[in-house]
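# Structural overview for review
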Amino acid sequence: MLDAKEMTALDRDILAHGLLSDEAYTLVEAMSDMGSRFGGTASEREAVDYMLGKMTEYGFENVRKEEFTYTGWIRGAASLQATQPVKQDFNVLGLPHCGSYSVEGELYYIGLGTPAEWEAHADEVKGKIVIVDAKSPLWLRRGIHRLEKYGRALEAGAIGFIWMRDQGGFLVETGGMRVGSPIPAVGISREEGMALIRLAKQAPDGKVRVKIEMENTVKELPSWNVMGDIPGTTMDDRMLVIGAHFDSHDIAPGSMDDASGAAVTMEAGRLLAQQRGKLARTTRIICFPVEEIGLLGSRNYLRMHKSELDSVDFMLNLDGAGRGGEKGVILQAWPELIPVFKSISENMKWPFVSDAVFGMHSDMFPFSLEGIPSANLQTVESVSTGRNWGHTICDTLDKVSAHTLRLDSTFVARLMARVANWQPWPAQRKGRDEIETIMRESGLAPEMRYAKMD
Ligand SMILES: [Zn+2]
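Residues numbered from 1 in each chain as written. Predicted model: local features only at pLDDT ≥ 70, side-chain atom pairs only at ≥ 80, totals over all residues. Heavy atoms only, no water.

Of regular secondary structure, the protein chain possesses 13 helices and 16 strands. Relative to the compact-globule value of 22 Å for 454 residues, the protein chain shows a C-alpha radius of gyration of 23 Å, a close match. Structurally, the protein chain occupies a C-alpha span of about 80 × 45 × 40 Å along its principal axes. Within the protein chain, the fraction of its 454 residues that count as buried is 59%. A sequence separation of at least 24 residues applies to 82% of the contacts in the protein chain between residues at least 6 apart. Entry remark: accessible area of the protein chain is about 17800 Å², with carbon and sulfur atoms responsible for 51%. Averaging the locations of the 50 positively and 63 negatively charged side chains of the protein chain gives two centres separated by 2 Å. (Helix = DSSP H or I, 4+ residues; strand = E, 2+ residues; numbered from the N terminus. Rg over C-alpha atoms; globule rule 2.2 N^0.38 Å. Buried < 20%, exposed > 50% of the residue type's maximum accessible area, 1.4 Å probe, protein only. Contact = heavy atoms within 4.5 Å. Areas by Shrake-Rupley, 256 points an atom, 1.4 Å probe, with all protein chains shown as cover. Lys, Arg positive; Asp, Glu negative; His and termini not counted. Charge placed at Lys NZ, Arg CZ, Asp CG, Glu CD.)

Moving on, we get to the pattern of salt bridges. Side-chain pairs of opposite charge can arise whenever the charged atoms involved come near each other. The full count for this structure, using the stated rule, is 30 salt bridges. Notably, a salt bridge pairs Lys54 with Glu23, separated by 2.9 Å at the nearest N-O pair. Here Lys54, found in helix 3 (residues 42-57), pairs with Glu23, found in helix 2 (residues 23-34); they are 31 residues apart in sequence, far enough to count as distant. Where Arg270 meets Glu267, a salt bridge forms, and the shortest distance between an N and an O atom there is 2.7 Å. With a gap of three residues between them, Arg270 and Glu267 both fall in helix 7 (residues 255-273), about one helical turn apart. On the accessibility criterion, Arg270 (15% relative accessible area) is buried. Glu267 gets classed as buried once you look at its relative accessible area, which sits at 2%. (Salt bridge = Lys/Arg side-chain N within 4 Å of Asp/Glu carboxyl O.)

Turning to the coordination of the zinc ion, a few remarks are in order. Donor atoms from the polypeptide that coordinate the zinc ion comprise His245 (NE2), Asp257 (OD), Asp319 (OD) and Asp319 (OD), at 2.0 to 2.5 Å from the metal. Around the zinc ion, the four donor atoms are arranged such that angles at the metal cover 55 to 159°; this shape is classified as irregular. Linear spacing of the donor residues for the zinc ion on their chain is H-x11-D-x61-D. Within this pair, whereas His245 is found in strand 11 (residues 235-245), its partner Asp257 is found in helix 7, the two being separated by twelve residues in sequence. When its relative accessible area of 0% is taken as the criterion, His245 is described as buried. (Donors = N, O, S within 2.8 Å, 3.2 Å for Na, K, Ca; no water. Tetrahedral: all angles 85-135°; square planar, octahedral: opposite > 155°, others 65-115°.)

Note that Ser248 resides in the loop between strand 11 and helix 7. By relative accessible area, which is 1% here, Ser248 ends up buried. At a separation of 3.2 Å, a polar atom in the side chain of Ser248 contacts the main-chain carbonyl oxygen of Ala252. (Polar contact = N/O pair within 3.5 Å; in protein donor to acceptor, adjacent residues only side chain to side chain.)

So, on to the sheet that holds strand 2 (residues 78-84). The strand order across the open sheet built from eight strands is 3-2-9-5-6-7-8-4, with neighbouring strands paired in mixed fashion. Either end of the sheet is taken by a strand with one partner, and the two such strands are strand 3 (88-90) and strand 4 (92-94). Averaged over all neighbouring strand pairs, the angle between strand axes comes to 30°, with direction disregarded. Judged from the five bridges that link them, strand 6 (residues 129-133) and strand 7 (residues 160-164) form a sheet pairing that is parallel. Counterpart to Ile129 in the pairing with strand 7 is Gly160. Lying on the sheet, helix 5 (residues 146-155) is in contact with strand 6, strand 7 and strand 8 (185-188); it crosses strand 7 at an angle near 150°. (Pairing = 2+ DSSP bridges. Axes fitted to C-alpha atoms, helices over the stretch in contact; angles between N-to-C directions.)

What follows concerns the packing of helix 7 against helix 11 (residues 402-421). Close contact between helix 7 and helix 11 brings their axes to 8 Å; oriented N to C, the two are set at 50°. Comparing the axis directions of helix 7 and helix 11 gives the class oblique. Crossing handedness for the pair helix 7 and helix 11: right-handed. Touching Ser260, Val264, Glu267, Ala268, Leu271 and Leu272 of helix 7 are Leu405, Asp408, Ser409, Thr410, Val412, Ala413, Met416 and Ala417, all from helix 11. When its residues are assigned to classes, the contact of helix 7 with helix 11 shows nine nonpolar, three polar and two charged. (Parallel < 35°, antiparallel > 145°, perpendicular 65-115°, else oblique. Left-handed = near helix turned anticlockwise from the far one by under 90°. Nonpolar A, V, L, I, M, F, W, Y, C, P; charged D, E, K, R; others polar.)

Core analysis: the biggest nonpolar cluster contains 75 residues, and Phe314, Leu316, Phe341, Val412, Leu415, Met416 and Met439 have the highest contact counts within it. The residues touching Met416, leaving out its near neighbours within four places in the chain, are Leu240, Val241, Ile242, Leu272, Phe314 and Leu316. Grouped together as the second largest cluster of nonpolar side chains are 39 residues, Ala82, Leu95, Ala156 and Ile188 included. (Core = buried A, V, L, I, M, F, W, Y, C linked by side-chain atoms within 4.5 Å.)

The subject of this paragraph is unusual backbone geometry. Cis geometry marks the peptide bond from Asp257 to Asp258; its omega dihedral reads 15°. Mapped onto the elements, Asp258 comes out in helix 7. Cis rather than trans, the peptide bond between Gln423 and Pro424 has omega equal to -10°. Tracing the chain through its elements places Pro424 in the loop between helix 11 and helix 12 (432-441). Unlike most non-glycine residues, Arg141 shows phi in positive territory, near 60°. Tracing the backbone through its elements, the reader meets Arg141 in the loop between strand 6 and helix 5. The exposed category is assigned to Arg141, whose relative accessible area is 77%.

Below is the structure:
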């Protein structure tokens, strides 16, 4: 444990090194230039080697990659065409994990795709190609994830799924579906989606027929979790994990989602490694691959490290760190840690939000399912602005600011230096039943039905 004077000295050191460094930006720039780092690409392998080199340079111990195999996806052609009453082509993207299909049928617009809408219109959806708005209605007080809308389309007997982006700008959004998807799923821009819906309204009988053709490759691929340790002092058998995914979707460099998060993870690790000897717990820095198509890096990490999971006191996920805005440490199912983080915030003289809200859509989720105290560091704004550039071709280096990366990296390093020394730690590993009860009580029952829960 450090006294107040020693903590001030540590803060000054981290801030001086972190705020005067371009290292995090250098990482984002290099990884963006490699390509998407999407599972199965050459840029993924290049990023793995690059991160191994950087972790070694930063002085982490046991720097290594751990291989696993998963069902991967390689994009092929995808097309959407109105066939009746007029012929018209639309620009679409096939959604990951879909295979190869050729289907033609009547179009059905389900609107926002709320549970009530699917229920009321199930008969009309059956046998048709359904188009759904990606927006989540504010009044429902929860986001309806793509996988839930898709799952409900499947249950209603749709033969195709068209995912219309929530914002304009002629951008088409991608997003992972399910391995072995029995029906084709494509993304379309808001502008073209609305034009397609209008075609039906203009048709003499109110009906428009559309055809979706797709050809993709689904196959077993290898991938690698990349990690290194900063050994603790007096509590070196207790572990903290700081992690983020380094892959992005295959259509963009993914500078924000998530080269930035991986860079802040590694840079916070670099700053902490310089404080080795002042951190009681051991800190493991992990960059996860293939998050975008099913959180596969973190799921496989947990599968491969079952025997040591009891020693993990806390996991902080940094998906999207480095994007700016007010920050929050969102503690999944461990409200008992809120007072700890509130007091850390005061001690850091750096206000941030601490709250417990369960999230299922990034790499903290598999840790939470294992009952490991876990949180996501996220931008908390009073009004949600959706995905913005995320999952589109516009997720590029120009969106990233070197200064925001510096702020987030020093923030994470100072935060986790305190967690590494905190005693006593008031959170324990929870059982799977307890976690699922917390999830259901937080209103996640509908999402749990359509998510991968193992
Ligand atoms: Zn992400």
